[in-house]
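Report on the structure
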Amino acid sequence: MHMVLDLIKSELNGIDIRYDEPLKHYTYTKVGGNADFLVFPRNRFELIRVVKFANQHAIPWMVLGNASNLIVRNGGIKGFVIMFNKLNTISVDGYVIEAEAGASLRDTTHVALFHSLSGFEFACGIPGSVGGAVYMNAGAYGGEIAHVLISCKILTREGEVKTLEAQDLRFGYRYSAIQDSGDVVISAKFALSPGTHSIIKQEMDRLTYLRELKQPLEYPSCGSVFKRPLGHFAGQLIAEAGLKGYRIGGVEVSKKHAGFMVNIEDGTAQDYEELIADVITKVREHSGIILEPEVRIIGEKL
């Protein structure tokens, strides 16, 4: 490890790298063990340097996006964990918005509003980054990324930058081909349409109000835990199985919206995993429907 540290310090000098860093300080759930090396690249050139260095020295690496729709296990993550918080530039050209992967969806929708561009309002309350949203074809209130994406730039596992058109991503419900390729989204272009500032703002305010009304935003959570089963709503099935407020350790099925699990008292990733497994079992017993997690669970078990 000391040799690796010396190599990193000499070859990746100038890049913000934190050693043995607790990931629970960065995840939306406030759980997760340590990353060997947590990296915050300021631009794609620093990102490419880190990836090529990792590949050259056979050190594992992964991108954590902004850590919203995932659970990191207590054993942490080996190798480089890359966060895109500083890769967050948003620009507008005509009716097209281009955003780097670390830009938040919320910020991107506010830039669209500022320029009176419509079509992105659905994303104003999704607590993710642009990169993560493209990766999982995020959506809400009838809209989804597939409806507005033109193209995205990706970084391959080898450290090469390529452009993919929207059709290359083979979008499905909470799915894109990037989930299978291991590539990483570094920026995305969205096609919007000219609109009226006051009408766009009204719609964003309406969706924000609905979200605050329904979702347990006052506690750490991983967002929506399960995919929507065909013809049903996950939250409704969980509530009907009598599981609102059901708790393991410090993690509880939200009393406000059963589709969410909230960390109410020093919960751990293991609490989350056990609660998810329990809810799947109990819902299957009650309704015969098998819930499928939407949240990603990553990292080493202790």
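This text goes with the structure placed above it.
Let me begin by describing the structure that accompanies this report. (Residues numbered from 1 in each chain as written. Predicted model: local features only at pLDDT ≥ 70, side-chain atom pairs only at ≥ 80, totals over all residues. Heavy atoms only, no water.)

**Description of the overall build of the protein**
In terms of regular secondary structure, the protein is built from 8 helices and 19 strands. Computed over its C-alpha atoms, the radius of gyration of the protein comes to 20 Å, within 12% of the 19 Å expected for a compact globule of 302 residues. Viewed in the frame of its principal axes, the protein has a C-alpha envelope of about 55 × 50 × 30 Å. Expressed as a percentage of its 302 residues, the buried residues of the protein come to 50%. Considering only residue pairs separated by 6 or more positions, the protein has 64% of its internal contacts joining residues 24 or more positions apart. For the protein, the distance from the average position of its 32 positive side-chain charges to the average position of its 35 negative side-chain charges is 1 Å. (Helix = DSSP H or I, 4+ residues; strand = E, 2+ residues; numbered from the N terminus. Rg over C-alpha atoms; globule rule 2.2 N^0.38 Å. Buried < 20%, exposed > 50% of the residue type's maximum accessible area, 1.4 Å probe, protein only. Contact = heavy atoms within 4.5 Å. Lys, Arg positive; Asp, Glu negative; His and termini not counted. Charge placed at Lys NZ, Arg CZ, Asp CG, Glu CD.)

**Details of the pattern of salt bridges**
All told, the structure shown has 12 salt bridges when counted by the stated rule. R18 is the partner of D16 in a salt bridge, and the nearest nitrogen-oxygen pair spans 2.8 Å. Relative accessible area serves as the criterion here: at 22%, D16 is assigned to the partly exposed category. Exposure remark for R18: the relative accessible area of 30% places this residue in the partly exposed category. Bridged by salt links that share partners, the residues D16, R18 and K86 form one connected network. (Salt bridge = Lys/Arg side-chain N within 4 Å of Asp/Glu carboxyl O.)

**Quick notes on the pairing of strand 2 (residues 34-40)**
Within a regular strand, side chains alternate between the sheet's two faces. Counting buried residues in strand 2 gives 6 out of 7 residues, a clear majority hidden from the surface. Sheet topology note: the strand 1 (residues 16-22)/strand 2 ladder contains 6 bridges and is antiparallel. When the bridges of strand 2 are listed, Y19 appears paired with F37. Of the strand pairs in this sheet, strand 2 and strand 5 (residues 77-83) are connected by 4 bridges, and their pairing is parallel. Of the residues in strand 5, the one forming a bridge with A35 is I77. (Pairing = 2+ DSSP bridges.)

**Regarding the sheet that holds strand 12 (residues 161-165)**
Strands sit in the order 6-7-13-11-12 across an open sheet of 5 strands; the sheet is antiparallel. Two strands bound the open sheet, and with one partner strand each, they are strand 6 (90-93) and strand 12. Looking at each pair of strands side by side, their axes are set apart by 20° on average, direction ignored. Pairing between strand 6 and strand 7 (residues 96-100): 4 bridges, direction antiparallel. From the neighbouring strand, S91 faces strand 7, where its bridge partner is E98. Taken strand by strand, helix 2 (residues 44-56) contacts strand 11 (149-155), strand 12 and strand 13 (184-191), and its axis lies near 45° from that of strand 11. (Axes fitted to C-alpha atoms, helices over the stretch in contact; angles between N-to-C directions.)

**Brief notes about the sheet that holds strand 2**
Picture the strands of a sheet paired through backbone hydrogen bonds; they go either parallel or antiparallel. Strand order in the open sheet formed by 4 strands is 1-2-5-3, and the pairing between neighbours is mixed. Since the sheet does not close on itself, it has two edges, and those belong to strand 1 and strand 3 (61-65), each with one partner. Going across the sheet, the axis of each strand differs from the next one's by a mean of 30°, ignoring polarity. Lying on the sheet, helix 2 is in contact with strand 2, strand 3 and strand 5; it crosses strand 5 at an angle near 165°.

**So, unusual backbone geometry**
We note that D20 has phi near 50°; this positive angle belongs to a residue other than glycine. With respect to the element layout, D20 can be found in strand 1. In this model, R174 sits at a positive phi of 55°, which is unusual for a non-glycine residue. You can see R174 is positioned in the loop between strand 12 and helix 5 (178-181). We classify R174 as buried; its relative accessible area is 12%.

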